[in-house]
Amino acid sequence: MGAAYRLAMRKDAGGLCDIRRRSILELAPPIMSVAEAQAWASKLTLSGMERKLRELEIWVAEFDGRVVAGWGAIRGDSLEGLYTAPEYAGQGVGAALLDRLEGLMRGRGVRAVHAEASSNAKAFYLRRGYRPTGPQAPDGAWPITKQLLA
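Attention in this report is confined to the structure presented alongside it. (Residues numbered from 1 in each chain as written. Predicted model: local features only at pLDDT ≥ 70, side-chain atom pairs only at ≥ 80, totals over all residues. Heavy atoms only, no water.)

1. Focus: the side chain of Asp12
Within the secondary structure layout, Asp12 lies in the loop between strand S1 (4–7) and helix H1 (13–27). The buried category is assigned to Asp12, whose relative accessible area is 7%. Of note is the side chain of Asp12, whose polar atom sits 2.8 Å from the side chain of Arg6. In this structure Asp12 touches Arg6 and Val67, once residues within four positions along its chain are discounted. (Helix = DSSP H or I, 4+ residues; strand = E, 2+ residues; numbered from the N terminus. Buried < 20%, exposed > 50% of the residue type's maximum accessible area, 1.4 Å probe, protein only. Polar contact = N/O pair within 3.5 Å; in protein donor to acceptor, adjacent residues only side chain to side chain. Contact = heavy atoms within 4.5 Å.)

2. A closer look at the layout of surface pockets
Rolling a probe over the atoms, with the probe sized like a water molecule, indicates the empty space that remains. Each pocket or cavity is described by its volume, and for the largest pocket that value is around 1,300 Å³. The wall of the largest pocket is formed by 46 residues, among which Trp40, Tyr83, Ser118, Asn120 and Ala121 lie closest to the centre. Those elements giving two or more residues to the lining of the largest pocket turn out to be H1, helix H2 (34–41), strand S3 (66–75), strand S4 (78–84), helix H4 (93–107), strand S5 (112–117) and helix H5 (122–127). Looking at which element gives the most residues to the lining of the largest pocket, the answer is S4, with seven residues. Partitioned by chemical class, the residues of the lining of the largest pocket number 23 nonpolar, 14 polar and nine charged. (1 Å grid on protein atoms, 1.4 Å probe; cavity = no way out; pocket = protein on both sides within 12 Å on 5 of 7 lines; lining within 4 Å. Points joined across faces, edges and corners; volume = space filled by probe spheres on them. Nonpolar A, V, L, I, M, F, W, Y, C, P; charged D, E, K, R; others polar.)

Following this line, the structure appears as structure tokens:
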């Protein structure tokens, strides 16, 4: 794959926002309407991303020292976000980030990881051992869980 993985830094905020926005706008349709994707993409501002960097543990995938491929965030036993740049979709970047985050959580004794999957990402998670834990929420998110430790 060739990607390097590291903890995100404050200076990465703009790039992380851009990856999230482009991922949603380019990869979510046709599973959701363009209007729904635009509304979802607009929910996170640069200041909101900076707040996430303070509150969450965010890992980035980078090539040649630039955060261009994707990022994922965790807090406790929760996966708080996972986004892949459209040009890296289907190349294993998201799966590698998810493996890294799950490994970190497993190493900390987390028995199960909890997340909310968007409709366009639900199949991705189900293929990786996650199971639905409830009905779709009004905001469109699907609650999912994966057992990490028996």
